[in-house]
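Per-entry structural report
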Amino acid sequence: MASRLFLISFISLILLHGCTARRNDLQQQQECNFDSMRALQPISTIEAEGGKTEFWNPDTQQFRCAGVAFLKHTIRRKSLLVPSYANSVLMVYVEEGKGFYSVVLPGCPETFQSPQEQSGERMRDRNQKIENFKKGDILIFQAGVTHWMYNNGDQDVKLVVMFDTTNRANQLDSIPQRFYVLGNPQGRQQGQQQQCPLLQQFQGESILKGFADEMLTAAFKMNKEMASKLKGQGVKEGHIITIEKELQVTRPEQQQQQQQDNGLEETSCSQNIRINIDKIDQADIFNPQAGHLTSLNSHHLPILNDVRLSAERGHLKMNAMMGPFWVLNAHSIMYPTDGEARIQIVNNQGRLVFDERLQKGQLVLIPQNFAVMIQAGNRGFQWVAFKTNDNAMITPIAGRASVYRGLPVSILSNILQISEQEASKLKYSNAETIMFAPQTSQGKTFTRAFQSLLEV
Amino acid sequence: MASRLFLISFISLILLHGCTARRNDLQQQQECNFDSMRALQPISTIEAEGGKTEFWNPDTQQFRCAGVAFLKHTIRRKSLLVPSYANSVLMVYVEEGKGFYSVVLPGCPETFQSPQEQSGERMRDRNQKIENFKKGDILIFQAGVTHWMYNNGDQDVKLVVMFDTTNRANQLDSIPQRFYVLGNPQGRQQGQQQQCPLLQQFQGESILKGFADEMLTAAFKMNKEMASKLKGQGVKEGHIITIEKELQVTRPEQQQQQQQDNGLEETSCSQNIRINIDKIDQADIFNPQAGHLTSLNSHHLPILNDVRLSAERGHLKMNAMMGPFWVLNAHSIMYPTDGEARIQIVNNQGRLVFDERLQKGQLVLIPQNFAVMIQAGNRGFQWVAFKTNDNAMITPIAGRASVYRGLPVSILSNILQISEQEASKLKYSNAETIMFAPQTSQGKTFTRAFQSLLEV
Amino acid sequence: MASRLFLISFISLILLHGCTARRNDLQQQQECNFDSMRALQPISTIEAEGGKTEFWNPDTQQFRCAGVAFLKHTIRRKSLLVPSYANSVLMVYVEEGKGFYSVVLPGCPETFQSPQEQSGERMRDRNQKIENFKKGDILIFQAGVTHWMYNNGDQDVKLVVMFDTTNRANQLDSIPQRFYVLGNPQGRQQGQQQQCPLLQQFQGESILKGFADEMLTAAFKMNKEMASKLKGQGVKEGHIITIEKELQVTRPEQQQQQQQDNGLEETSCSQNIRINIDKIDQADIFNPQAGHLTSLNSHHLPILNDVRLSAERGHLKMNAMMGPFWVLNAHSIMYPTDGEARIQIVNNQGRLVFDERLQKGQLVLIPQNFAVMIQAGNRGFQWVAFKTNDNAMITPIAGRASVYRGLPVSILSNILQISEQEASKLKYSNAETIMFAPQTSQGKTFTRAFQSLLEV
C-alpha cells in the first residue's frame with residue numbers, strides 16, 4: 001500500500017505544472033521540446049490603481065527553452081509605472097498610447113533642471129534625462145537599470161515587454177525578477193497573483209522593505225517615519241499609480257528632444273535606447289499587393305548589439321502570405337497587433353508543430369530554424385516579432401532571394417524527378433520577395449510569373 | 001512486491017543508455033565525467049542510393065560534455081549530398097576525394113550564370129557561388145545556412161563532420177538537427193536508424209512536408225502535383241542521391257576560382273569558409289625525424305573567429321612521439337586518417353583515463369587541460385583534430401618551448417630532490433619541440449641532447 | 001517494509017549535502033536560490049611542509065549559483081607554491097606578505113638568463129619572466145596556464161583565490177580542478193581532505209603520474225629513475241614546499257622590473273596580469289569622514305576584459321556606512337581583511353536574506369541586483385570584493401549620484417504620499433556619495449544636509 005501511495009505522489013509530482021510550479025521544478029526541467037507549440041495567452045493579471053499587468057506564464061516550456069518571458073502593461077491616463085529594474089534585459093514595444101519615461105543610470109548627471117519658480121512653493125529640482133515615447137516605439141532597458149514610464153496622453157498606454165533571461169547581463173536567475181526602488185508595488189494584492197509564487201517572485205516589492213530602520217534613517221539622514229515610507233508603509237499602493245494632477249517633471253519640449261543628441265559622442269549616459277518601427281517609409285520589404293516588413297537590428301539601434309536582440313514589424317494585406325521561411329540564428333516571438341492570420345510551423349522532421357489562427361493578444365514562438373508560413377485573414381495581419389539575436393536573419397524558401405533561387409535548376413530537377421523546364425518554373429514562378437500577394441487565379445499567376453522570368 | 005517492481009524499473013531507467021535514450025534523458029544528465037574515456041566508433045549507418053552516413057552516438061557522455069557530435073559521409077561518384085542546414089555550426093574535414101559545393105545565403109546574389117545554350121533545350125539559369133573542395137580541406141558551414149556537396153571525382157568523397165552544439169549560433173537544442181529544404185532524405189529508411197529516435201531527429205526530413213498543400217501552391221505559384229513533390233512524394237529517395245549523367249551546374253573552371261575573390265572586400269556573401277590543411281609547407285612544427293604539425297586557426301581562416309573553432313593536422317613518423325602536452329583552452333577531438341598510435345590521457349588526479357591504440361575510423365576526445373602522449377606505431381600516424389576554441393593553444397610538457405623549460409632549474413631540483421645538474425639535464429636533455437624522433441639508443445640520445453644544450 | 005526502506009534511502013539521498021556530495025549530485029542541482037545566505041568559512045584544510053590551503057566548500061549553493069569557488073593559501077617563509085594550472089581563471093588577492101612568481105606560457109621565450117658562474121658548479125640556466133608580488137596585489141592566472149609563487153619575505157604570504165568556473169575559458173567542469181606539472185602535491189595527505197572527494201578532485205596530483213614509464217623516459221630522454229621522480233616518487237611532498245636555502249632563480253632587481261615593460265607592445269607573453277589596489281591615492285570614492293573605495297576594472301588592467309572579472313577594495317571608518325546600493329551586472333563576493341561590519345542584503349521581495357556581522361576570514365556573496373547595506377563596527381571595516389563582470393557597476397540608492405537623486409521630486413512625493421518639500425528633503429538630505437560618515441546627532445546632520453542642498 002505504502003508503495004502505491006508513493007507511486008501516486010511521485011506521479012502527481014510529475015504532473016504538477018503551470019502557475020503552481022515551484023522554482024526548483026522549473027530549473028530542473030531543462031529539456032527543450034518544441035514538438036507541440038500553442039498560441040499563448042496571459043494567465044494572470046495584477047490590477048493596480050493606475051492600470052494592470054497581464055502575465056504570460058514564465059514556466060511555459062516554449063518560453064523557458066527560448067530563455068524569454070512576457071508581460072503586458074496597461075497604464076491609464078495620468079498614471080505612472082513606478083521606478084523599477086529587472087534582472088534581465090527588457091525589450092518593450094509600445095502597442096498603444098504615448099508618454100514619457102526616464103532611465104536612471106548610476107553616475108550619470110542629473111542634467112534636467114527645473115526652472116526657478118517664483119512662488120517659492122516648489123524647490124529647485126534636478127533629475128536625469130526624460131524622453132518621450134509613442135505607439136510603435138521599441139525601448140531597451142538594460143538589466144539592473146532603473147526606469148519609470150508615465151502616460152501623459154489621452155488613452156491607455158499598452159506595452160508588450162519581453163524579458164531576455166539568457167543574456168549574460170543576467171547572472172541571477174532564469175526567472176525574471178522585478179526590483180522596485182520605492183513604493184508598495186504589490187499593494188493590496190488584487191488579482192489572482194497570490195496563488196502563483198512564480199509571478200510573485202517575478203513581480204517584487206520595495207527593495208528597501210527588508211532593511212533595519214536605523215540603517216535606513218542613517219543612509220537617508222531622515223527620521224523613522226520616512227524610513228517606514230521607504231519600506232512601503234503608508235504609501236500609494238500598486239505598481240502603477242495614478243497621479244491626480246498631471247506628473248510635474250522637468251523636461252524639454254517634445255519636438256526639440258530628438259535633436260539634442262546629435263553631435264554628442266554617445267556615452268553610456270546618452271546612449272539611445274529607443275526607436276520607432278512603425279514608419280512605413282523605413283520598410284525593408286515593400287510590396288503594394290502583399291504588405292511590408294521592417295527589420296530593426298543593431299545597425300539602426302546600436303544598443304541591440306550589446307543586448308543581442310532585434311525586432312521586426314510586419315503588415316500583411318488581406319489574404320496575403322509570408323513564407324515559407326526560417327530564421328537562421330534566432331527564435332522569433334510573434335505578437336499580433338491587428339487582424340489575424342493562419343500560422344503553420346514545421347520542424348526538421350517535416351512535422352507540423354503549430355497550425356492555428358493567431359489573433360491580437362496571443363503570442364507564438366517560432367523556434368530557430370523551423371520553417372514557417374503566415375497567411376493573413378480577411379482583415380489583414382499586423383505583428384511585432386521579438387528576436388533573440390541582434391542580427392536575426394530570415395531565409396525565404398520560395399520567391400525571389402530564396403533558397404530555391406540559390407539552388408541550380410539541375411539539382412531541383414534531379415531531386416524532385418522533374419524536367420529542367422519544370423524545375424525552372426518552380427524556381428522562377430514566384431517573382432515576389434517573401435511577402436506574396438493573394439492569388440487571383442492560378443492561370444493568371446503562372447503567366448505573370450513566366451513573364452517575370454525574362455526580367456530576372 | 002510492488003515496491004520491488006518499482007525499484008527494478010527505477011534501476012532500469014538509470015541503466016537505459018545508448019541509441020534508445022530519449023531526448024529528455026539526455027538533457028537531464030548534465031554531469032561531465034571524463035574519468036573513463038573510450039575510442040569511439042560509429043554506432044549506426046544510414047544507407048542511400050549515392051552513399052551513406054555513419055553516426056557516432058550523439059548521446060555519448062564525452063560528446064555531450066564537450067558539446068559536439070560527429071558523423072561521416074561517404075558520397076559516391078556522381079552523387080550529391082542534398083541541400084540541408086543544421087542547427088549548429090559544422091566543421092567538415094575532407095578525408096578523401098574531390099568535388100564542388102555551394103552555400104546558399106539569404107540575400108546574397110545569384111552570381112553564377114549559365115551560358116545561353118543554342119539548342120534552346122535548357123533555360124538560362126543562375127545560382128549562388130559554387131566552389132571546389134578536395135582532400136585535406138576544412139569547410140565551415142554556419143548554423144541555419146543551406147549547403148550541398150557533389151562528388152565529381154573518380155573515387156568516393158569521405159567527409160568527417162563535427163557539429164558544435166554549444167556555439168551560441170545554436171539556440172535550438174543540444175542535439176544536432178538537420179533540416180532538408182527538399183527531397184525525401186530518409187528514403188525507405190535503410191539501415192538501423194529507425195530504432196534510434198535520437199538519430200532520426202538528428203537526420204530530418206523535408207521541412208516542407210508538414211505544410212498545407214494550398215499554402216505551398218500559393219507560395220510557389222505551382223500546382224498541387226508540385227506541392228506533393230515539395231513535400232517529398234515521388235522524388236528521389238535518400239539524403240545522398242546519384243545524378244545519372246554528371247550534375248550540370250554553372251561554375252567557373254577550377255583553376256580560376258580561387259583568384260576571383262582577391263581584391264574584393266569580404267562580405268558575408270563572399271566570406272571564405274574553406275582552407276586546405278594538408279600542405280606540408282604550411283606546417284608549424286616540422287621535424288624530419290619525427291613528423292610535422294599544422295595548426296589551423298582564425299589567423300588563417302577568419303570565420304573560425306565567429307564560430308570559435310580551430311583544427312590541427314598531424315603526421316608522426318614510425319615510432320615517433322608527440323607530447324606529453326595539454327591544450328590550455330579547448331577540447332580536442334582526434335580522428336586518425338592513417339596508421340595507428342598508442343594514446344595515453346591523464347587527468348588532474350594523475351590517473352590514466354585513456355590508454356588505447358587508435359586507428360582510422362575511431363574518434364577520441366582529449367579533454368581540455370588533460371595531459372596526453374601520442375606514440376606512433378610501425379606505420380606512422382596521421383590525424384586531424386577538431387578543437388572547440390578558435391585559438392586552441394598547446395603547452396608541451398617536455399622538450400623545447402615546454403613548461404619544464406620555462407621553470408627554473410632550482411625549482412625542478414628542489415621539488416624532485418635532485419641535484420641542479422640532474423635538474424638541468426632533465427630540463428635540457430630533449431632539444432626537440434613537442435614531436436620527438438624515436439630513440440635509437442639511450443646513450444646516443446643523451447649525448448646528442450647534451451650537445452644541444454650548448455646551442456640553446 | 002521494502003517501500004519504507006526505499007523512501008528512507010530516497011530521502012537520505014536528497015539530504016546528502018556538504019563535503020561528501022558526489023560530483024553528479026552537484027551537477028544536477030541547478031536551482032539557484034539566494035533566499036537564505038550565510039557568511040561562509042573554510043570547511044577543510046590541507047597542510048603541507050611549507051604552508052597550508054583552506055578550502056571553502058565548492059558545493060555551497062551560493063558559490064555554485066555564482067559559478068565561483070574559493071580557497072586561501074598560506075605560504076610560509078622560503079616556501080614555494082609548486083607549479084600548477086587550473087581549469088578556470090583564477091583571481092588572486094595578496095592579503096599579506098611578499099614574494100615573486102612566474103607564469104609559464106607556451107611558446108613564450110625564456111628571457112631570464114642566469115649569469116655565467118665562475119665556479120662551474122651551476123649550469124647556465126634560462127627561464128620565463130619572474131615578477132614580484134606584494135600585499136594588496138590582484139593577480140590573474142588564466143585557465144590552463146602554469147604558475148608558481150614563492151615567499152621571499154619575512155612573514156607568511158596569504159593569498160585569497162577565486163576560481164571563476166563559468167568563464168568560457170573553462171570548458172571542462174563546473175568544479176574547479178588543479179593540475180600539477182610535477183611533484184607529489186597531495187603528499188602524505190595531511191588534514192581531512194581524504195574524506196572529501198570534491199576537494200580531492202579540486203586539488204590534484206602530478207599530471208605525469210599516470211603515464212607509462214617508457215613513454216616518459218622517451219619524452220624527457222631520461223632514465224627510469226627520473227621517470228619515477230616525474231611521477232611523484234621520492235620527491236618533496238605537498239603542494240607548498242620549503243626551500244632550505246632561499247630559492248635561487250634568475251630575476252632582475254625589484255625596482256627595475258616594472259619599467260621593463262614600457263615601450264614594448266603588449267603581447268600575450270608580456271601581458272600584465274598584476275596590479276595593486278591598496279593605494280589610497282587611486283581611490284574612486286574618498287570621504288575623510290567615511291572611508292574610501294577603489295575599483296579595479298579592465299581600464300586599469302586590460303586582461304580583466306578577457307576574463308570578465310573585476311574587483312573592489314573598500315575601507316570604512318568606525319561606524320561609517322556604505323549603501324544601500326546594488327550591483328547592476330555582477331555578483332560580488334566580499335572578503336573582509338580587517339575590522340568587522342554588519343551587512344544586510346535584501347532580495348526583490350523586500351525580504352532580508354542576510355543580516356550578520358562579517359569578520360576577517362569569512363566570505364559573503366552579494367547576489368546581482370540585491371540591495372545591500374554595510375555598517376562598519378567600532379574597529380572600522382576593510383574588504384576586498386571579487387566581481388563576476390569586467391565592469392561591475394554599483395547603483396547607490398541614497399546620497400549623491402544615487403537613484404533617488406535621479407528621480408524627479410514629484411515622483412517621490414506622489415508614490416510616498418509626502419509633500420514636495422519632504423520629498424526634496426529625502427532626495428537631497430544626504431549629500432555624501434555612497435559612503436556615509438557616522439551620524440553624530442540627527443539634528444546636526446539634517447542641518448548640514450540642508451546646507452549642502454544649496455551647493456548641489
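Residues numbered from 1 in each chain as written. Chains lettered and ligands numbered in written order. Predicted model: local features only at pLDDT ≥ 70, side-chain atom pairs only at ≥ 80, totals over all residues. Heavy atoms only, no water.

**A closer look at the overall build of chain A**
- When helices and strands are tallied, chain A shows twelve helices and 25 strands.
- Each of the 456 residues in chain A was classed as buried or not, and the buried ones make up 62%.
- Put simply, of all contacts in chain A between residues at least 6 apart along the chain, 75% involve residues at least 24 apart.
- For chain A, the exposed area adds up to about 16800 Å²; of that, 47% sits on carbon and sulfur atoms. (Helix = DSSP H or I, 4+ residues; strand = E, 2+ residues; numbered from the N terminus. Buried < 20%, exposed > 50% of the residue type's maximum accessible area, 1.4 Å probe, protein only. Contact = heavy atoms within 4.5 Å. Areas by Shrake-Rupley, 256 points an atom, 1.4 Å probe, with all protein chains shown as cover.)

**Thoughts on the relation of the copies chain C and chain B**
- Mapping chain C onto chain B is achieved by rotating through 120° and translating by 0.0 Å along the same axis, at an RMSD of 0.0 Å. In the structure described here, the two chain copies are related by an operation that fits a three-fold rotation axis.
- Mapped onto chain B, only 5% of the interface residues of chain C are again interface residues, and the two copies thus contact each other with different surfaces. (Least-squares fit on C-alpha atoms with pLDDT ≥ 70 in both.)

**Regarding the pairing of strand S4 (residues 79–86) of chain C**
Residue and element names in this part refer to chain C.
- The buried fraction of S4 is high, at eight of eight residues.
- In this structure, S4 lies alongside strand S14 (residues 240–242), joined through three bridges in antiparallel fashion. Residue pairing in the sheet places Leu-81 in a bridge with Ile-240 of S14.
- Relative to strand S11 (residues 146–150), S4 runs antiparallel, the two being bridged by three bridges. Paired with Leu-80 across the two strands is Tyr-150, which belongs to S11. (Pairing = 2+ DSSP bridges.)

**Points about the sheet that holds strand S3 (residues 68–75) of chain C**
Residue and element names in this part refer to chain C.
- Spatially, the seven strands line up as an open sheet ordered S1-S2-S3-S12-S5-S10-S15, and their pairing is antiparallel. Edge positions in the sheet fall to strand S1 (44–48) and strand S15 (274–276), since each of these pairs with one other strand and no more. Pairwise comparison of adjacent strand axes, ignoring direction, gives a mean angle of 20° for this sheet.
- In this structure, strand S5 (residues 89–96) lies alongside strand S10 (residues 137–141), joined through four bridges in antiparallel fashion. The residue of S10 that forms the bridge with Val-92 is Leu-139. (Axes fitted to C-alpha atoms, helices over the stretch in contact; angles between N-to-C directions.)

**Here's the deal with the relation of the copies chain A and chain C**
- By a simple turn and slide, chain A fits onto chain C: the slide is 0.0 Å along the axis, the RMSD is 0.0 Å, and the turn is 120°.
- The two copies present different faces, since only 5% of the interface residues in chain A are matched by interface residues at the equivalent positions in chain C.

**Quick notes on the interface of chain C and chain B**
- At the junction of the two partners, chain C supplies 78 residues and chain B supplies 78 residues.
- Here chain C packs against chain B, burying approximately 6400 Å² in sum over the two surfaces, 61% of which is carbon and sulfur.
- Considering only the surface of chain C that becomes buried against chain B, C:Gln171, C:Met215 and C:Lys221 emerge as the three largest contributors, covering 13% of it.
- Summed over the shared surface of chain C and chain B, the number is two salt bridges.
- At the junction of chain C and chain B, the tally comes to 20 residue pairs in polar contact (both at pLDDT 80 or more). (Buried area = accessible area lost by both parts, 1.4 Å probe. Salt bridge = Lys/Arg side-chain N within 4 Å of Asp/Glu carboxyl O. Polar contact = N/O pair within 3.5 Å; in protein donor to acceptor, adjacent residues only side chain to side chain.)

**With respect to the domain arrangement of chain A**
Residue and element names in this part refer to chain A.
- By domain assignment, chain A separates into domain 1 (44–274) and domain 2 (278–455).
- Of the residues lining the interface, 26 residues belong to domain 1; the matching set on domain 2 comes to 23 residues.
- For domain 1, the biggest contributors to the area lost against domain 2 are Trp-56, Met-91 and Tyr-93; these three give 22% of the whole.
- Across the domain 1-domain 2 interface, the total number found is two salt bridges. (Domains from an automatic or database assignment.)

**A closer look at a positive patch on the surface**
- Residues A:Arg168, A:Arg308, B:Arg168, B:Arg308, C:Arg168 and C:Arg308 make up a contiguous surface patch of positive charge.
- Taking relative accessible area as the criterion, A:Arg168 reaches 46% and is therefore assigned partly exposed. (Patch = residues over 30% accessible without salt bridge, like charges linked within 9 Å, V, L, I, M, F, W, Y side chains within 5 Å. Lys, Arg positive; Asp, Glu negative; His and termini not counted. Charge placed at Lys NZ, Arg CZ, Asp CG, Glu CD.)

**Let's talk about the pattern of salt bridges**
Residue and element names in this part refer to chain B.
- Tallied over the entire structure, the rule returns 54 salt bridges over all chains.
- For the salt bridge of Glu-49 with Lys-236, the shortest nitrogen-to-oxygen distance reads 2.9 Å. With a gap of 187 residues between them, Glu-49 in the loop between strand S1 (44–48) and strand S2 (51–55) and Lys-236 in the loop between helix H6 (224–230) and strand S14 (240–242) connect regions that are remote in the sequence.
- Assessed through its relative accessible area of 37%, Glu-49 is described here as partly exposed.

**Description of helix H5 (residues 213–220) of chain A**
- With six of eight residues buried, H5(A) is to be regarded as a mostly interior element.
- The set of residues buried in H5(A) consists of A:Met215, A:Leu216, A:Thr217, A:Ala218, A:Ala219 and A:Phe220.

**Side note on the packing of helix H10 (residues 409–416) of chain A against helix H11 (residues 420–428) of chain A**
Residue and element names in this part refer to chain A.
- Where H10 meets H11, the closest approach of the two axes is 8 Å, and the angle between their N-to-C directions is 115°. Between H10 and H11, the interaxial angle falls into the category roughly perpendicular. Considering how the two elements wind past one another, H10 and H11 form a crossing that is right-handed. Taking contact as the criterion, the partners of Val-409, Ser-410, Leu-412, Ser-413 and Leu-416 in H10 are, on H11, Glu-420, Ala-423, Ser-424, Leu-426 and Lys-427.
- In terms of residue class, the contact of H10 with H11 is made up of five nonpolar, three polar and two charged. (Parallel < 35°, antiparallel > 145°, perpendicular 65-115°, else oblique. Left-handed = near helix turned anticlockwise from the far one by under 90°. Nonpolar A, V, L, I, M, F, W, Y, C, P; charged D, E, K, R; others polar.)

**Structural notes on the interface of chain A and chain C**
- Tallying the contact residues gives 78 residues for chain A and 80 residues for chain C.
- In total, about 6400 Å² of surface goes out of reach between chain A and chain C, with carbon and sulfur atoms giving 61% of it.
- If you sort the residues of chain A by the area they bury against chain C, A:Gln171, A:Met215 and A:Lys221 come out on top, with a joint share of 13%.
- Here chain A and chain C share two salt bridges between them.
- Connecting chain A to chain C are 20 residue pairs in polar contact (both at pLDDT 80 or more).
- A per-element tally of the side of chain A that touches chain C places H5(A) first, with seven residues.

**Some remarks on the packing of aromatic side chains**
- Within this structure, the stated rule accounts for 44 aromatic pairs over all chains.
- Measuring from ring centre to ring centre gives 6.1 Å for A:Tyr101 and A:Phe141, while their planes differ by 70°; the resulting arrangement is edge-to-face. In this pair, A:Tyr101 is assigned in strand S6 (residues 98–104) and A:Phe141 in strand S10 (residues 137–141), connecting sequence segments 40 residues apart. Here A:Tyr101 matches A:Phe141 in class, with each residue buried.
- Between A:Phe381 and A:Trp383 the ring centres are 5.3 Å apart and the planes differ by 25°, which places this aromatic pair in the stacked class. Like A:Phe381, the residue A:Trp383 is buried in the burial classification.
- Every member of this aromatic cluster is reached through a ring pair, and the members are A:Phe34, A:Trp326, A:Phe370, B:Tyr85 and B:Phe179. (Phe/Tyr/Trp six-rings, centres within 6.5 Å; stacked < 30°, edge-to-face > 60°.)

**Points about the sheet that holds strand S5 (residues 89–96) of chain A**
Residue and element names in this part refer to chain A.
- Taken together, seven strands build an open sheet; the order of strands is S1-S2-S3-S12-S5-S10-S15 and the sheet is antiparallel. Two strands in the sheet have a free side with no partner beyond their single neighbour: strand S1 (44–48) and strand S15 (274–276). Pairs of neighbouring strands in the sheet enclose a mean axial angle of 20°, with direction left out of account.
- Two elements, S10 and S15, share three bridges in a ladder whose sense is antiparallel. Across the sheet, the residue bridging to Ile-138 is Ile-275, located in S15.

**Focus on the environment of C:Met373**
- Relative to the elements of secondary structure, C:Met373 occurs in strand S23 (residues 371–387).
- Sequence spacing of C:Met373 and C:Val235 is 138 residues, and the spatial spacing of their C-alpha atoms is 50 Å.
- Sequence-distant contacts of C:Met373, that is, excluding residues within four places in its chain, are made with A:Phe211, A:Met215, A:Leu216, A:Ala219, C:Met321, C:Met322, C:Gly323, C:Pro324, C:Arg342, C:Ile343 and C:Gln344.

**Some words on the side chain of A:His292**
Residue and element names in this part refer to chain A.
- For His-292, the location among the structural elements is in strand S17 (residues 291–296).
- Taking relative accessible area as the criterion, His-292 reaches 9% and is therefore assigned buried.
- Once residues lying within four places of it in the same chain are set aside, the contact partners of His-292 are Ile-280, Ala-283, Ile-285, Phe-286, Arg-313, Gly-314, His-315 and Met-435.

**A look at the environment of C:Ala69**
Residue and element names in this part refer to chain C.
- Within the secondary structure, Ala-69 sits in strand S3.
- By relative accessible area, Ala-69 is classed as buried at 0%.
- Sequence separation between Ala-69 and Asp-59 is ten residues; the distance between their C-alpha atoms is 8.5 Å.
- Those residues in contact with Ala-69, other than ones at most four positions away along the chain, are Pro-58, Val-161, Met-162, Phe-163, Pro-176 and Phe-202.

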